[in-house]
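Residue-level structural notes
So the chains spell out like this:
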Amino acid sequence: MTVDAPVRVRSALWLRALAELLGTGLLVAVVVGSGIAAQRLSADTGLQLLENSFATALGLGVLIVLFAPVSGAHFNPVVSLADLVRGRRDRTGLTAGALGVYLAAQLAGGIGGAVLADAMFAVPVAISTTDRATPATFLAEVVATVGLVLLIVGLSHAGRSVGVTAAAVGAYIGAAYWFTSSTSFANPAVTVGRIFTDTFAGIAPASALPFIGAQLVGAALAVGVAAALFPARRH
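Residues numbered from 1 in each chain as written. Predicted model: local features only at pLDDT ≥ 70, side-chain atom pairs only at ≥ 80, totals over all residues. Heavy atoms only, no water.

1. Observations concerning the overall build of the protein chain
This is how it is decided: Secondary structure is summarised from DSSP: a helix means a run of H or I of at least four residues, a strand means a run of E of at least two, and numbering begins at the N terminus for each. The buried label applies to any residue whose accessible area, calculated with a 1.4 Å probe on protein chains only, is under 20% of its type's maximum; exposed applies above 50%, and partly exposed to all values in between. We call two residues in contact whenever any of their non-hydrogen atoms come within 4.5 Å of each other. All accessibility values rest on the Shrake-Rupley procedure with a 1.4 Å probe; residue burial counts only the protein chains present in the view.
When helices and strands are tallied, the protein chain shows eight helices and zero strands. N-terminal to C-terminal, the α/β element order of the protein chain is α-α-α-α-α-α-α-α. Overall, the C-alpha framework of the protein chain stretches about 55 × 35 × 30 Å when taken along its three principal axes. For the protein chain, buried positions account for 52% of its 235 residues. Sequence-distant contacts in the protein chain: of pairs separated by 6 or more residues, those separated by 24 or more amount to 81%. As displayed, the protein chain has an accessible area near 10,100 Å², and 70% of this comes from carbon and sulfur atoms.

2. So, the nonpolar core
Rules: Residues grouped as a nonpolar core are buried Ala, Val, Leu, Ile, Met, Phe, Trp, Tyr and Cys residues, joined through side-chain atoms within 4.5 Å.
Residues Leu27, Val32, Leu60, Ile64, Phe75, Leu148 and Val169 are the most contacted members of the largest nonpolar core, which totals 32 residues. Breaking this core down by element, the ones donating at least two residues are helix 1 (13-41), helix 2 (45-71), helix 4 (96-120), helix 5 (135-158) and helix 6 (162-179). With seven residues, the single largest contributor to this core is helix 6. What Phe75 contacts, discounting residues up to four positions off in sequence, is Ala19, Glu20, Gly23, Thr24, Leu27, Leu60, Leu63, Ile64, Phe67, Gln106 and Asn187. Among the nonpolar cores identified, the runner-up in size contains twelve residues, and Val78, Val146, Ala222 and Val223 belong to it.

3. Focus: the side chain of Thr197
Here Thr197 is to be found in the loop between helix 7 (188-193) and helix 8 (205-229). In contact with Thr197, not counting residues within four places along its chain, are Val32, Asp118, Ala126, Ser128 and Gly202.

4. Focus on the environment of Val30
With respect to the secondary-structure elements, Val30 resides in helix 1. Accessibility expressed as a relative area gives 24% for Val30, which makes it partly exposed.

5. Side note on the packing of aromatic side chains
The following threshold applies: Stacked, edge-to-face and tilted are the three classes for Phe, Tyr and Trp ring pairs, Trp counted by its six-membered ring, which pair at centre distances within 6.5 Å; planes under 30 degrees apart are stacked, over 60 edge-to-face, the rest tilted. Counted as over-ring charges are cases with an Arg CZ or a Lys NZ within 6 Å of the ring centre that also lie within 35 degrees of the ring normal.
In total, this model carries three aromatic pairs according to the counting rule given. Note on Tyr172 and Phe179: the rings are 6.1 Å apart at their centroids and 70 degrees apart in plane angle, and the pair reads as edge-to-face. Judged by relative accessible area, which is 16%, Tyr172 ranks as buried. The partly exposed category is assigned to Phe179, whose relative accessible area is 48%. The interplanar angle of 70 degrees and the centroid separation of 4.9 Å between the aromatic rings of Phe185 and Phe211 together place this pair among those described as edge-to-face. Residue Phe185 is found in the loop between helix 6 and helix 7, and its partner Phe211 is found in helix 8; the two are separated by 26 residues along the sequence. Classification of Phe185 as buried rests on a relative accessible area of 4%. A cation sits over an aromatic face here: Arg194 above Phe185, 3.6 Å from the ring centre.

6. A few points about the confidence of the model for the protein chain
Going by this rule: pLDDT: the predictor's confidence for each residue, scored from 0 to 100.
This prediction gives the protein chain a mean pLDDT of 94; 93% of its residues lie at or above 70. Below a pLDDT of 50 lies the segment residues 1-6, which in the model reaches 29 contacts outside its immediate sequence neighbourhood of four places, other chains included.

7. A look at the packing of helix 1 against helix 4
As a reminder of what qualifies: Where helices are involved, their axes are fitted lines through C-alpha atoms of the stretch in contact, as for all axes, and angles between N-to-C directions lie from 0 to 180°. Whether a crossing is left-handed or right-handed is set by the direction in which the near helix is turned from the far one by less than a right angle, anticlockwise for left-handed and clockwise for right-handed. When residues are sorted by character, Ala, Val, Leu, Ile, Met, Phe, Trp, Tyr, Cys and Pro go into the nonpolar class, Asp, Glu, Lys and Arg into the charged class, and all the rest, Gly among them, into the polar class.
Relative orientation of the contacting elements helix 1 and helix 4 amounts to 30 degrees, with a least axis distance of 7 Å. Viewed along their axes, helix 1 and helix 4 form a crossing whose handedness is right-handed. Here the contact of helix 1 with helix 4 is composed, by residue class, of 15 nonpolar, seven polar and three charged.

8. Focus on empty space enclosed by the protein
Heads up, the condition is: Space inside and on the surface of the protein is sampled on a 1 Å grid over the protein atoms alone, with a cavity defined as a set of points where a 1.4 Å probe fits but cannot get out and a pocket as an open set with protein on both sides within 12 Å along at least 5 of 7 lines; lining residues have an atom within 4 Å of a point. Grid points are joined across faces, edges and corners, and a volume is the space filled by probe spheres set on the points.
Applying the stated rule across the entire model yields one cavity of 30 Å³ or more. Forming the boundary of the largest cavity are 23 residues, of which Leu27, Leu60, Ile173, Phe185 and Asn187 lie nearest the centre. Those elements that place two or more of their residues in the lining of the largest cavity are helix 1, helix 2, helix 5 and helix 6. Here the residues of the lining of the largest cavity are counted per class, giving 16 nonpolar, six polar and one charged.

Structural data, given as structure tokens:
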């Protein structure tokens, strides 16, 4: 399972890792950078969130189009984990070794993207002090991640084009900013990256752990539901 089902990914593993590092890093730079810009442009929290979510939805779509032919444009450890699990039967997904490389690239990219965004806005790199973890945001992250992984699996199963996938995934994340109380991180690499900025998009380390736990729960639920809705094709 990749987000680019019609495009067969044949790149060498190091190129795929580079694409995942750059894609995840640029995604976090978009999230963090647009959050900083939004804070500087308006004092209204609702408007700040609108600006942040709009930039993130557009940026994510562009990055999927750019990197999908190289790595599948996962940019997200739970998407890569789902790819491994879904592809075990017919050996179309990531291998365990490739998964480790993807995860390392995504986490490094997430941290680097936050540092880059801070530097672009002349903000000192600092560990976030924004506490976000509550029972409600835990549930929200489960829901957000279920929706995201299920969407990607469904699009891949249906063989949708890269353009359709980019639009759908970007639209989902943009909407999930608003219908979830957590603002839909739905991505462990993005969550870790956002620890390294004490700005609008930051998350305190103590809150990051419950968020990542919720994301893993959501991914597991999504894979289970997807197995019923989108059974693996028999060759």
